[in-house]
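# Structural overview for review
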Amino acid sequence: MFALQLPKVSRQVLGEDIQVLSEVLHDGVNLAVWQRRLPAQIADFADALLAQGEPLAQSMTLELPRADSEPNLDGLVAQYADLPGQAAFLADVAWLVRAYACLLDAQRIGLRLRALDKAMCPRFHVDHVPVRLITSYAGVGSDWLEEGVMPRSKLGQPGAEPQDEALIQRLDAGHVALAKGEKWHGNEGRGLIHRSPQPPVGERRLLLTLDWLA
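The structure contained in this document is the topic of the report that follows. Residues take numbers from 1 onward in each chain, read along the sequence in its written order. At least 70 in pLDDT is required for a residue's local features to be given in this predicted model, at least 80 for side-chain atom pairs to be given and counted, and no such filter applies to totals for whole chains, interfaces and linings, which use all residues. As a rule here, side-chain values cover all heavy atoms of the structure and leave hydrogens and water aside.

## Details of the overall build of the chain
Elements are defined by DSSP. Helices are runs of H or I of four residues or more, strands are runs of E of two residues or more, and each kind is numbered from the N terminus. Secondary structure summary: the chain contains 2 helices and 10 strands in total. In the chain, the order of α-helices and β-strands from amino to carboxyl end is β-β-α-β-α-β-β-β-β-β-β-β. For 214 residues, the compact-globule estimate of 2.2 N^0.38 gives 17 Å, and the chain sits close to it at 18 Å. The principal-axis extents of the C-alpha atoms in the chain amount to approximately 70 × 45 × 25 Å. By definition, residues are in contact when any of their heavy atoms lie within 4.5 Å. A separation of at least 24 residues holds for 78% of the contacts in the chain among residues at least 6 apart in sequence. Carbon together with sulfur atoms contributes 52% to the accessible area of the chain, which is approximately 11000 Å² in total. Only the C-alpha atoms count toward the radius of gyration. The rule for a globule is 2.2 Å times the residue count to the power 0.38. Shrake-Rupley sampling with a 1.4 Å probe provides the accessible areas, and residues are treated as covered by the protein chains on show and by no other component.

The structure is reproduced here in structure tokens:
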């Protein structure tokens with residue numbers, strides 16, 4: 001007799017210990033979230049940066065000879081050097097880059113830091129990347145769905161998106177998420193379904209993403 005092949009169901013793992021991030025390496029896990037609390041100094045810097053009301057869209061490609069190499073973040077938020085907490089913020093970003101690189105053995109990482117007053121990707125979708133780090137330093141966090149809440153065949157169709165807010169999960173500011181996309185080997189057709197939320201009127205969010213380039 002042939003064994004019955006049960007469909008693979010993606011799951012998400014959340015926890016308050018940083019070790020939870022390594023769960024994303026396991027088959028069947030398409031999201032790992034470290035539910036951390038931002039140190040007050042870093043949260044205050046992010047709030048003060050957004051309060052300036054200036055546009056911010058920075059990106060850089062980081063080359064790391066070794067996974068534990070110190071990333072060169074020269075120029076990142078350089079215009080806010082006079083705000084208290086800038087050094088602590090940069091140290092935190094560098095720490096996240098090293099942790100991400102060590103976990104994936106990545107030597108080339110794409111970094112994007114943006115201040116957003118509107119949803120960047122307002123429809124639920126999947127990313128065509130291996131695995132992306134997503135964290136909001138201030139403002140609303142990203143939305144995501146558990147498997148089965150929305151048919152994957154209807155992604156991009158507004159009428160198919162869940163209307164019940166109870167079905168939509170949301171990251172908090174400070175949370176660090178590792179979301180698998182369609183290009184992670186063995187995760188084809190199971191990338192995390194997520195979207196950028198619309199910030200409340202008059203508010204912005206400070207979003208950092210890291211992508212494994214090589």
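From this point, the narrative continues.
## Section: empty space enclosed by the protein
Here a cavity is any set of points on a 1 Å grid over the protein atoms alone where a 1.4 Å probe fits but cannot get out, and a pocket is any open set with protein on both sides within 12 Å along at least 5 of 7 lines; a residue lines the site when it has an atom within 4 Å of a point. Grid points are joined across faces, edges and corners, and a volume is the space filled by probe spheres set on the points. Per the counting criterion, the structure on display carries 2 cavities of 30 Å³ or more. By volume, the largest cavity is sized at about 50 Å³. In terms of lining residues, the largest cavity is bounded by Leu31, Ile134, Ser142, Asp143, Trp144, Leu171, Ala177, Ala179, Leu192 and His194. Among the elements of the structure, β6 (143–144) and β8 (176–180) are those that each provide at least two residues to the lining of the largest cavity. Under the scheme applied here, ten amino acids are nonpolar (Ala, Val, Leu, Ile, Met, Phe, Trp, Tyr, Cys and Pro), four are charged (Asp, Glu, Lys and Arg), and all others, including Gly, are polar. Residue composition of the lining of the largest cavity, grouped by class: 7 nonpolar, 2 polar and 1 charged. Computed from the structure, the second largest cavity encloses a volume of approximately 30 Å³. What lines the second largest cavity is Arg112, Arg114, Met120, Leu207, Leu208 and Thr209. Elements that contribute at least two residues to the lining of the second largest cavity include exactly β4 (108–116) and β10 (205–212). It is β10 that contributes the most residues to the lining of the second largest cavity, 3 residues altogether. Considered class by class, the residues forming the lining of the second largest cavity number 3 nonpolar, 1 polar and 2 charged.

## What about helix α2 (residues 86–104)?
By this rule the span expected of a helix is its residue count minus one, scaled by 1.5 Å. Between its first and last C-alpha atoms α2 spans 27 Å; for 19 residues at 1.5 Å apiece the expected length is 27 Å, and the two agree. Each residue gets one of three labels from its accessible area relative to the maximum for its type: buried under 20%, exposed over 50%, partly exposed in between, using a 1.4 Å probe on protein chains only. Among all positions in α2, only Gln86, Ala88, Phe89, Leu90, Asp92, Val93, Ala94, Leu96, Val97, Tyr100, Ala101 and Leu104 are buried. The inward-facing, buried residues of α2 contact α1 (40–51), β3 (57–63), β4, β5 (131–138), β8 and β10. A positive phi of about 55 degrees marks Asp105, the residue just after α2.

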